[in-house]
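Listed here are the chains, written in short residue letters.
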Amino acid sequence: MTYVPKGGAAEGPYALELDPKRSGLVYSALRVVDIEPGATHSFATGESEWIVLPLTGGCTVHAEDEIIELLGRGSVFSGVSDFAYVPRDAQIQIASGAGGRFALAGAKCERRLPARYGSAPEVSVEHRGSGTCAREVRNFASADAFDCDRLIAVEVITPGGNWSSYPPHKHDEHRPGVEAELEEIYYFEIEAGEGGQEGFGYQRVFPSRPGGTDVLAEVRTGDAVLVPDGWHGPSIAQPGHSMYYLNVMAGPGDEREWRICFHPDHTEGYR
């Protein structure tokens, strides 16, 4: 499983459920749940740490003795959101008065850290690249921005017509000081164009080793692409339709770090 169309990994209450038991990944996990107005969703964290990230709407997260209020947002294109970190080995309830859609980004982990609130104003927003490779990176749970055991998660907004995740890069080998071994999940939403028409984008993953991951997918809202290994990029947004993706990463390394290697055949001036 590499390209997952909308509905292709739906299970129970989840519009998308990419847990290790189903996806083939070992560490990284992602769930997307729609909660009706006034309804709740409960889950056990098990052996993983999780971040509850509003995609649309707000909610209240009950994590054992902690109650975390999330204001959320109108949509992923309206700006950054606050979020909640919840630990492994816990029972969690998400309640939403007005309803909404929520991503649960997870990673299998060892340490049990405390439940915490992540503030939207404290999210570092990075403007990366230039020209047609310019994009906005929201480092809400990057390795150097928010404390987790293994989980790394960021959001990216690519303007219509632009390329991101470029130059192609990889992180599938443990090379101290050079590259960290990390699985990755991309979850996509595409902004509707004028008149409300649906948009699309493209995602490329190609082998870094014989028999490695090889996919070129047309992606739309609700789709996902798994990157267990390989060079990945570019992510291409249709003109007139901005592209959003949520990146969820985790790996076996002793250090939680994001170290990548750029493809040597591509210009590195667009990072």
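Use the structure listed above.
Here the structure is a predicted model, which is why all the values come from computation and not from measurement.

Q: Would you mind going over the overall build of the chain in detail, with residue names and values included?
A: Regarding its fold elements, the chain presents 1 helix and 22 strands. Rg of the C-alpha trace for the chain: 17 Å, near the compact-globule value of 18 Å for 271 residues, within the 12% margin. Each principal axis of the C-alpha distribution contributes one length, and for the chain these read about 50 × 50 × 35 Å. Put simply, the chain has 271 residues, and 55% of those count as buried. A fraction of 72% describes how many contacts in the chain between residues 6 or more apart in sequence connect residues 24 or more apart.

Q: Which residues make up the layout of surface pockets, and what values go with them?
A: The calculated volume of the largest pocket comes to roughly 410 Å³. Lining the largest pocket are 26 residues, with Arg128, Val137, Val154, Trp258 and Ile260 sitting closest to its centre. Elements with a minimum of two residues in the lining of the largest pocket: β11 (124-128), β12 (135-141), β13 (152-158), β16 (183-190) and β21 (243-250). Looking at side-chain class alone, the lining of the largest pocket contains 13 nonpolar, 6 polar and 7 charged residues. One number sums up the size of the second largest pocket: a volume of about 190 Å³. Lining of the second largest pocket is provided by 16 residues; of these, Arg150, Gly253, Asp254, Glu255 and Arg256 occupy positions nearest its centre. Grouping the amino acids of the lining of the second largest pocket by side-chain chemistry returns 5 nonpolar, 3 polar and 8 charged.

Q: Provide a residue-level description of the packing of aromatic side chains, including the pertinent values.
A: What the rule picks out here adds up to 9 aromatic pairs. Each ring, one from Tyr186 and one from Phe188, has its centre 5.9 Å from the other, and the planes form 20 degrees; the classification is stacked. Taking relative accessible area as the criterion, Tyr186 reaches 0% and is therefore assigned buried. On the basis of relative accessible area, Phe188 is assigned to the buried category, the value being 0%. Taken together through their ring pairs, the aromatic side chains of Phe83, Tyr85, Phe140 and Phe146 make up a single cluster. Sitting over the face of the ring of Tyr85, Arg116 holds its NZ or CZ atom 4.5 Å from the ring centroid. It is Lys170 that lies over the ring of Trp231; its NZ or CZ is 5.7 Å from the centre.

Q: How would you summarise the side chain of Gln203 if you had to cite specific residues and measurements?
A: Among the structural elements, Gln203 can be located in strand β17 (residues 201-206). At 2.5 Å, the side chain of Gln203 forms a polar contact with the side chain of Ser235. Once residues within four sequence positions are removed from consideration, Gln203 is found in contact with Tyr186, Phe188, Val215, Leu216, Ala217, Val219, Val225, His232, Gly233, Pro234 and Ser235.

Q: Any details on unusual backbone geometry? Residues and values, ideally.
A: A cis amide bond links Tyr166 to the next residue, Pro167, at an omega of 0 degrees. With respect to the helices and strands, Pro167 occurs in the loop between β14 (163-164) and β15 (169-170). A cis amide bond, omega 5 degrees, links Gly233 with the succeeding residue Pro234. Along the chain, the position of Pro234 falls in strand β20 (residues 231-237). Residue Glu64 is not a glycine yet carries a positive backbone phi of 55 degrees. In the Ramachandran plot, Ser165 falls in the positive-phi region, its phi being about 50 degrees despite a non-glycine side chain. Examined against the element boundaries, Ser165 turns out to sit in the loop between β14 and β15. Judged by relative accessible area, which is 7%, Ser165 ranks as buried.

Q: Kindly report on the pairing of strand β6 (residues 66-73), identifying the contributing residues and their values.
A: In this structure, strand β5 (residues 48-63) lies alongside β6, joined through 6 bridges in antiparallel fashion. Residue Cys59 lies in a different strand from β6, and its bridge partner there is Leu70.

Q: Please set out the side chain of Ser28 residue by residue, giving values where relevant.
A: Summarising the element assignment, Ser28 is placed in strand β3 (residues 28-35). On the basis of relative accessible area, Ser28 is assigned to the buried category, the value being 0%. A distance of 3.1 Å separates a polar atom in the side chain of Ser28 from the backbone nitrogen of Ala250. Ignoring sequence-local partners within four residues, the contact set of Ser28 consists of Leu18, Pro20, Gly106, Glu183, Glu184, Ile185, Val248, Met249 and Ala250.

About the criteria used
- Residues numbered from 1 in each chain as written.
- Predicted model: local features only at pLDDT ≥ 70, side-chain atom pairs only at ≥ 80, totals over all residues.
- Heavy atoms only, no water.
- Helix = DSSP H or I, 4+ residues; strand = E, 2+ residues; numbered from the N terminus.
- Rg over C-alpha atoms; globule rule 2.2 N^0.38 Å.
- Buried < 20%, exposed > 50% of the residue type's maximum accessible area, 1.4 Å probe, protein only.
- Contact = heavy atoms within 4.5 Å.
- 1 Å grid on protein atoms, 1.4 Å probe; cavity = no way out; pocket = protein on both sides within 12 Å on 5 of 7 lines; lining within 4 Å.
- Points joined across faces, edges and corners; volume = space filled by probe spheres on them.
- Nonpolar A, V, L, I, M, F, W, Y, C, P; charged D, E, K, R; others polar.
- Phe/Tyr/Trp six-rings, centres within 6.5 Å; stacked < 30°, edge-to-face > 60°.
- Lys NZ or Arg CZ within 6 Å of the ring centre and 35° of its normal.
- Polar contact = N/O pair within 3.5 Å; in protein donor to acceptor, adjacent residues only side chain to side chain.
- Pairing = 2+ DSSP bridges.

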